[in-house]
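# Observations on the three-dimensional arrangement
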Protein chains: 2
Amino acid sequence: MTRSRQVILDALVRLRCPSTPKEIAEAVGTRACDLATVYRCMTLFEEMGLVHRIDFGDGLARFEIADDDPTGHQHHHLLCRQCNRIVKLDGCVLGEVESALARRYGFVEIKHRLEFFGVCPDCQHAGRGAASQARKRAS
Amino acid sequence: MTRSRQVILDALVRLRCPSTPKEIAEAVGTRACDLATVYRCMTLFEEMGLVHRIDFGDGLARFEIADDDPTGHQHHHLLCRQCNRIVKLDGCVLGEVESALARRYGFVEIKHRLEFFGVCPDCQHAGRGAASQARKRAS
DNA sequence: CTATGTGCAAACCGTTTGCACACAT
DNA sequence: ATGTGTGCAAACGGTTTGCACATAG
């Protein structure tokens with residue numbers, strides 16, 4: 001555990017909300033730590049389970065310190081489309097509908113992004129990279 | 001409606017699954033249509049409501065022809081983490097849990113990405129760009 | 001001392017944009 | 001003819017990587 005990693009982790013705790021690598025680098029002071037180092041540390045921390053990578057679909061990676069509830073559930077977020085404020089949702093909101101969120105948080109025009117990821121039957125039976133009909137993700 | 005747009009739209013119908021601009025360009029033949037044109041057409045089609053932009057969090061934009069159900073609900077997707085196969089989910093799965101998906105489609109290790117987007121109370125009352133505590137998305 | 005981490009700068013990759021030419025009407 | 005669409009190539013922005021130097025153990 002080097003000093004850079006300490007500093008970066010501290011900053012992440014201090015920020016207490018999903019932050020981009022650039023924001024993290026600025027929080028520690030650009031002279032204290034290089035952007036590339038932030039990226040490398042984030043990858044490391046993620047593998048260690050210390051942080052979660054969050055994707056809000058704007059092309060920027062965001063990270064926050066992992067604080068899963070006892071059930072292992074990651075919390076979700078409610079974002080303001082205008083000011084980018086982030087409300088952390090307590091508990092699991094799967095099954096709640098947007099109107100309930102609107103009532104509770106006073107947001108309007110709520111939309112969501114929801115996708116599921118898993119391993120399909122063919123891949124389970126074929127080691128890996130089955131699927132003649134597979135769509136290549138890269139290239 | 002130009003020939004390029006016809007060809008691109010045809011390709012999108014033919015592909016019948018969320019496709020990246022590169023895939024679309026290849027489907028119409030690189031000599032038939034430039035990548036930049038695909039991007040521009042996608043932006044146009046999206047504004048016209050002809051296609052939906054889909055984000056699977058891998059940094060690639062994907063598009064599919066819009067076929068919302070009568071309730072105006074967009075369908076969601078179930079992705080295989082290994083072969084990238086895409087299963088289109090019928091109806092609204094909000095409220096279904098992953099274990100139910102696993103049973104129905106035979107996928108395992110199902111995870112999801114779920115975020116909500118709306119306009120917060122402060123922004124509703126402040127024209128736009130309220131929030132002193134706003135997090136700047138770009139820059 | 002030796003392996004690993006870091007800073008710097010260049011490379012990458014998807015996406016966007018400026019510009020001159022081509023096409024639709 | 002005139003305005004819009006297109007191809008090409010360069011620009012852009014976030015992320016990754018190669019390499020030489022610095023640091024941890």
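Residues numbered from 1 in each chain as written. Chains lettered and ligands numbered in written order. Predicted model: local features only at pLDDT ≥ 70, side-chain atom pairs only at ≥ 80, totals over all residues. Heavy atoms only, no water.

## Thoughts on the pattern of salt bridges
All names here are of chain A. We count it as follows: Here, a salt bridge means any Lys or Arg side-chain nitrogen found within 4 Å of an Asp or Glu carboxyl oxygen. For the exposure calls, accessible area comes from a 1.4 Å probe over protein chains only, and a residue counts as buried if that area is under 20% of its type's maximum, exposed if over 50%, partly exposed in between.
Enumeration over the complete set of coordinates arrives at four salt bridges over all chains. We note a salt bridge from Glu 46 to Arg 53, for which the minimum N-O separation is 3.2 Å. Of the residues examined, Arg 53 reaches a relative accessible area of 42% and is grouped as partly exposed. Among the ionic pairs, Asp 58 bridges to Arg 62, the shortest N-O distance being 2.6 Å.

## A closer look at the protein's contact with DNA strand C
We apply this condition: Here a residue counts as near a molecule or strand whenever at least one of its heavy atoms sits within 4 Å of it. For this analysis, a polar contact is any N or O atom pair within 3.5 Å, provided that within protein one partner can donate a hydrogen and the other can accept it, and provided that sequence-adjacent residues contribute only side-chain to side-chain pairs. We count a stretch as a helix when DSSP gives it H or I for four or more residues in a row; a strand needs E for two or more, and each element gets its number in order from the N terminus. Charged means Asp, Glu, Lys or Arg here, nonpolar means Ala, Val, Leu, Ile, Met, Phe, Trp, Tyr, Cys or Pro, and polar covers whatever is left, Gly included.
Of all residues adjacent to DNA strand C, which total 16 residues, the nearest are Thr 2, Ser 4 and Thr 37 of chain A together with Tyr 39 and Ala 61 of chain B. Within 4 Å of the protein, the contacting atoms of DNA strand C are drawn from sugar and phosphate to the extent of 76%. A distance of 2.9 Å separates a phosphate oxygen of DNA strand C from a polar atom in the side chain of Arg 5 of chain A. Between Ala 32 of chain A and DNA strand C, the recorded distance is 3.5 Å, taken from a backbone N or O atom to a phosphate oxygen. For the surface near DNA strand C, the secondary structure elements donating two or more residues are helix H1 (3–15) and helix H3 (35–48) of chain A together with helix H3 (35–48) of chain B. Counted by class, the surface near DNA strand C contains eight nonpolar, four polar and four charged residues.

## Re the domain arrangement of chain A
Residues and elements named next belong to chain A. Counted only if it meets this: For the domains described, the bounds stem from an automatic or database domain assignment. We call two residues contacting when some pair of their heavy atoms lies within 4.5 Å. Put simply, buried area is the surface a 1.4 Å probe can reach on two separate parts but cannot reach once they are joined, added for both.
For chain A, the assigned domains read domain 1 (1–66) and domain 2 (69–139). Residue-level contacts link six residues of domain 1 with six residues of domain 2. Surface buried jointly by domain 1 and domain 2 totals about 580 Å² across both partners, of which 61% is contributed by carbon and sulfur atoms. Looking at the side of domain 1 facing domain 2, the largest losses of area belong to His 52, Phe 56 and Glu 64, adding up to 66% of the total buried there.

## Some thoughts on the protein's contact with DNA strand D
With respect to spatial proximity, 17 residues lie near DNA strand D, and among them Tyr 39 and Ala 61 of chain A together with Ser 4, Arg 5 and Thr 37 of chain B are the closest. Of all DNA strand D atoms lying within 4 Å of any protein atom, the proportion belonging to sugar or phosphate reaches 76%. A distance of 3.4 Å is found between a phosphate oxygen of DNA strand D and a side-chain nitrogen or oxygen belonging to Ser 4 of chain B. Ala 32 of chain B has a polar backbone atom sitting 3.5 Å from a phosphate oxygen of DNA strand D. Listing elements by their share of the surface near DNA strand D, those giving two or more residues are H3 of chain A together with helix H1 (3–15) and H3 of chain B. Taken together, the residues that form the surface near DNA strand D break down as nine nonpolar, four polar and four charged.

## Description of the packing of helix H2 (residues 21–28) of chain B against H3 of chain B
Residue and element names in this part refer to chain B. Rule in force here: For helices, the fitted line uses only the C-alpha atoms of the stretch in contact; every axis is such a line through C-alpha atoms, and the angle between N-to-C directions lies from 0 to 180 degrees. The sense of a crossing depends on the near helix, which, turned anticlockwise from the far helix by less than a right angle, makes the crossing left-handed and, turned clockwise, makes it right-handed.
Contact pair H2 / H3: the axes reach a minimum separation of 9 Å and the direction vectors enclose 115 degrees. Considering how the two elements wind past one another, H2 and H3 form a crossing that is right-handed. Taken together, the residues of H3 that come into contact with H2 (itself represented by Pro 21, Lys 22, Ile 24 and Ala 25) are Leu 35, Val 38, Tyr 39 and Met 42. Taken together, the residues that form the contact of H2 with H3 break down as seven nonpolar, no polar and one charged.

## Let's talk about the pairing of strand S3 (residues 77–80) of chain B
Residues and elements named next belong to chain B. For clarity, the cut-off: Two strands are said to pair when DSSP picks up at least two bridges between them.
A two-sided burial pattern is seen for S3, the buried positions comprising His 77 and Leu 79 on one face and Leu 78 and Cys 80 on the other. The pairing of S3 with strand S4 (residues 86–88) spans three bridges and is antiparallel. Within S4, the position partnered with Leu 78 by the bridge is Val 87.

## Side note on the environment of Ala 27 of chain B
Residue and element names in this part refer to chain B. Mapped onto the fold, Ala 27 is located in helix H2. Classification of Ala 27 as partly exposed rests on a relative accessible area of 28%. Separated by 12 residues in the primary sequence, Ala 27 and Leu 15 place their C-alpha atoms 8.1 Å from one another. Those residues within four positions of Ala 27 in sequence are excluded, and the remaining contacts are Ala 11, Arg 14 and Leu 15.

## Here we look at the pairing of strand S1 (residues 51–55) of chain A
For a regular strand, side chains alternate in direction, first toward one face of the sheet and then toward the other. Residue and element names in this part refer to chain A. A large share of S1 lies buried, amounting to four of its five residues. Here five bridges tie S1 to strand S2 (residues 61–65), and the two strands are oriented antiparallel to one another. In the strand pairing of S2, Ile 54 is matched with Arg 62.

## Here we look at the side chain of Arg 62 of chain A
If you trace the backbone, Arg 62 of chain A turns up in strand S2. A polar contact of 2.6 Å, which involves the side chain of Arg 62 of chain A, links it to the side chain of Asp 58 of chain A.

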